[in-house]
Amino acid sequence: MGDIKVNCLLYADDAVLIAPSEAELQALVTCMKEECEIKGLRLNANKTKVLVFERDEERTKCEIWVNQECLEQVNEIVYLGSAFSRDGRCDLDLDRRVAAGNKVNGALTALFKRQGIVKSARLAIDNAVLVQTLLYGSETWMIVVVFALVAVACAVPVEDINKVEPEARVLLVKEPEKIIRSEFNHDSEGGYNFSFETEKGINRNENGEVKEVLDEDQKPHMVVVVRGSYSYTDDDGKVETINYSADEKGFHADGDSIPTNAPSRR
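A short tour of the structure in this document, coming up. All values reported here derive from a predicted model rather than from experimental measurement.

The strand order across the open sheet formed by 6 strands is E9-E10-E11-E12-E13-E14, and the pairing between neighbours is antiparallel. Where the open sheet ends on each side, the last strands, each with one partner, are strand E9 (179–186) and strand E14 (250–254). On average, each strand axis in the sheet is inclined to that of its neighbour by 10°, with strand direction left out of account. Taken together, the 5 bridges between strand E13 (residues 239–247) and E14 define a ladder with antiparallel strand orientation. Pairing of Ala246 across the sheet is with Phe251, part of E14. Across the face of the sheet, helix H3 (residues 119–134) comes into contact with E9, strand E10 (192–198), strand E11 (203–214) and strand E12 (220–233) while running at roughly 125° to E12.

Attention now moves to the nonpolar core. If you look at the biggest cluster of nonpolar residues, it comprises 22 residues, and the most contacted ones within it are Ile125, Tyr230 and Tyr232. Contributions of two or more residues to this core are made by helix H2 (91–112), H3, E10, E12 and E13. Of all the elements, H3 adds the most residues to this core, at 6 residues. Residues contacting Ile125, with those up to four places away along its chain left out, are Leu108, Leu111, Phe112, Leu130 and Tyr230. Ranked by size, the runner-up nonpolar core spans 10 residues in total, among them Val29, Val52, Ile64 and Val66.

Moving on, we get to the side chain of Ser85. Looking at the element boundaries, Ser85 is found in strand E8 (residues 82–85). What makes Ser85 buried here is its relative accessible area of 12%. A polar side-chain atom of Ser85 sits 2.6 Å from a polar atom in the side chain of Asp87.

On inspection of all chains with the given rule, the structure shows 9 salt bridges. Between Lys33 and Glu37 there is a salt bridge, with the nearest N and O atoms lying 3.0 Å from each other. Residue Lys33 and its partner Glu37 are located together in helix H1 (residues 22–38), separated by 4 residues, close to a single helical turn. The class for Lys33 is buried, based on a relative accessible area of 17%.

Of the pairings in the sheet, the one linking E10 to E11 comprises 6 bridges and is antiparallel in character. By the bridge assignment, Tyr192 is partnered in E11 with Gly208. Bridging between E11 and E12 involves 12 bridges; their strand directions are antiparallel. Across the sheet, the residue bridging to Glu212 is Met222, located in E12. Counted along the chain from E11 to the antiparallel partner E12, the turn is 5 residues long, and its residue Gln218 has a positive phi close to 65°.

Two elements in contact, H2 and H3, have axes whose closest approach is 9 Å; the angle formed by their N-to-C orientations is 155°. By the angle between their directions, the pair H2 and H3 is classed as roughly antiparallel. Classified by chirality, the crossing of H3 by H2 is right-handed. In this structure, H2 uses Arg97, Ala100, Gly101, Val104, Asn105, Leu108, Leu111 and Phe112 to contact H3, whose residues at the interface are Arg122, Ile125, Asp126, Val129, Leu130, Thr133 and Leu134. Looking at the contact of H2 with H3, its residues break down into 9 nonpolar, 3 polar and 3 charged.

The tally for this structure, following the rule as stated, stands at 2 aromatic pairs. Plain terms: the ring middles of Tyr192 and Phe194 are 6.2 Å apart, the flat faces sit at 10° to each other, and that makes the pair stacked. Residue Phe194 is classed as buried on the basis of its relative accessible area, which comes to 18%. Ring geometry for Tyr230 and Tyr244: centres 6.2 Å apart, planes at 45°, overall tilted. Linking Tyr230 in strand E12 with Tyr244 in strand E13, this pair joins segments that are 14 residues apart in sequence. Taking the relative accessible area as the measure of exposure, Tyr230 reaches 5% and is therefore buried. A residue is classified by how much of its surface remains accessible, and Tyr244, at 11% relative accessible area, is buried.

Right, let's get into H2. The terminal C-alpha atoms of H2 lie 30 Å apart, and with 22 residues this matches the ideal 32 Å at 1.5 Å per residue to within 8%. Buried within H2 are the following residues: Asp93, Arg97, Gly101, Val104, Leu108, Leu111 and Phe112.

Basis of the calculations
- Residues numbered from 1 in each chain as written.
- Predicted model: local features only at pLDDT ≥ 70, side-chain atom pairs only at ≥ 80, totals over all residues.
- Heavy atoms only, no water.
- Pairing = 2+ DSSP bridges.
- Helix = DSSP H or I, 4+ residues; strand = E, 2+ residues; numbered from the N terminus.
- Axes fitted to C-alpha atoms, helices over the stretch in contact; angles between N-to-C directions.
- Contact = heavy atoms within 4.5 Å.
- Core = buried A, V, L, I, M, F, W, Y, C linked by side-chain atoms within 4.5 Å.
- Buried < 20%, exposed > 50% of the residue type's maximum accessible area, 1.4 Å probe, protein only.
- Polar contact = N/O pair within 3.5 Å; in protein donor to acceptor, adjacent residues only side chain to side chain.
- Salt bridge = Lys/Arg side-chain N within 4 Å of Asp/Glu carboxyl O.
- Parallel < 35°, antiparallel > 145°, perpendicular 65-115°, else oblique.
- Left-handed = near helix turned anticlockwise from the far one by under 90°.
- Nonpolar A, V, L, I, M, F, W, Y, C, P; charged D, E, K, R; others polar.
- Phe/Tyr/Trp six-rings, centres within 6.5 Å; stacked < 30°, edge-to-face > 60°.
- Expected span 1.5 Å × (residues − 1).

Written as C-alpha cells, this is what we have:
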C-alpha cells in the first residue's frame, strides 16, 4: 500500500500473513511458528488455511508446511466477518450477508406479526438486530472500496478516462451508525455473551448458555438458551427497553411497546 509493505494483519487470535510468493509465505509462517513456541503457544495446522489471490481459472498450487504437515489450500476464507474468494470478487461476501439477513428477518417475522407493536419499535428492532447483522465488519469496507476504485482506474485506458461519465467515477458510501463500545466473549462449551452501544444510544446485551433438554421422543440433545435485552430512544424521546429470551419452549419478548397479552411463539 504505497510505500508501506503489509505482510501481516492481527486481530485478537485471528492472524493473516501476506506474501507475494510461496517461498516468502513459508518464511513468514515458519517465523510465526517459532515465535509462538517461544511464548509457549502452538500454531494449529488444522485451522490454518492458505489462499492464493489470482484471476486465472486454473488454481496455482501453494504448499506451505508446519511441523511436516502441509496446510490446506482453499478457494475462499472468512476473516473478521468478511468472505474473501481467490478471484478477489465480492459476490461471495454479499451472498453471505444477504443469507444472514434473511435468516434474522425470518426469525423476527413472528414478533412483527404481533398486534400492538408500534412502528418505532419495529424500526428500532431492525436497526439493532437486522442492520447490525448486515453491517457486521463494515469498518473494513472502505479498504475494499479503495482497492476496487484502484482496480477500476487501472482497467480504464488513459485516453478513455474522460469518456467515463462523472457519476461512474464517484462512489457514495453512506457511513453506518458508529459503534462506540463492543464486547464479545465465548467459552469452550459453546456459551457466549456480547454487548454493544452505538453513538445514538442503542444498547444491546445478550448471553447464550448451552443446555441439555429432551426432545419430543424424550431423547436428550443440546440447545443454546439465549437471554438478552436492547434499548433505544423512540421518536418522542422516551427510552424503550425490550427484554427477550429463547429456549426449548420458544421465543418471548416483553417491554412497554409490546402487548403483555401477546403469546410466546415457538
